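Below are the chains, spelled out letter by letter.
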Amino acid sequence: MDKIEILGMVAAVLTTAGYVPQVYKTWRDKSTKDISLSTYLILFLGVVLWFTYGLMINSLPVTLANAITGCLLFFMLVLKFKYK
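Parameters and conventions
- Residues numbered from 1 in each chain as written.
- Predicted model: local features only at pLDDT ≥ 70, side-chain atom pairs only at ≥ 80, totals over all residues.
- Heavy atoms only, no water.
- Helix = DSSP H or I, 4+ residues; strand = E, 2+ residues; numbered from the N terminus.
- Buried < 20%, exposed > 50% of the residue type's maximum accessible area, 1.4 Å probe, protein only.
- Lys, Arg positive; Asp, Glu negative; His and termini not counted.
- Charge placed at Lys NZ, Arg CZ, Asp CG, Glu CD.
- Axes fitted to C-alpha atoms, helices over the stretch in contact; angles between N-to-C directions.
- Parallel < 35°, antiparallel > 145°, perpendicular 65-115°, else oblique.
- Contact = heavy atoms within 4.5 Å.
- Nonpolar A, V, L, I, M, F, W, Y, C, P; charged D, E, K, R; others polar.

Now for the overall build of the protein. Counting its secondary structure elements, the protein contains 4 helices and 0 strands. When its helices and strands are written in sequence order, the protein yields α-α-α-α. Expressed along its principal axes, the backbone C-alpha trace of the protein runs to roughly 45 × 20 × 15 Å. Here the protein holds 84 residues, and 27% of them are scored as buried. Treating the 8 positive side-chain charges of the protein as one cloud and the 4 negative ones as another, the clouds have centres 14 Å apart.

For V20, the location among the structural elements is in helix α2 (residues 20-29). Sequence separation of V20 and V47 is 27 residues, and the distance between their C-alpha atoms is 15 Å.

What follows concerns the packing of helix α1 (residues 3-17) against helix α4 (residues 60-82). Geometry of a packed helix pair, given as the angle between the helix axes and the separation of the axes. Direction vectors running N to C along α1 and α4 enclose 10°, while the axes themselves pass 8 Å from each other. Classed by the angle they form, the pair α1 and α4 counts as roughly parallel. Here E5, G8, M9, A12 and T16 of α1 come into contact with α4, specifically with L60, P61, L64, A65, I68, T69 and L72. A breakdown of the residues in the contact of α1 with α4 according to their chemical character gives 8 nonpolar, 3 polar and 1 charged.

Here's what the structure looks like:
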């Protein structure tokens, strides 16, 4: 893995990890009243497109980060509908 791929992987880990505290807090508190449904729907759609793009350009950091972020965002959407 070259330096550019390592840089991409570090960026991917950090941006993806940024969603973990929100998912955990929402799951723990079972409250989504302060979570914007439209924001998470738009983010989820964007991440699906980034994931597709990552597959098309064969980029592991882009594909992996967006696959994991997509799962976290999908879980947030499930929680949003469950605890509405």
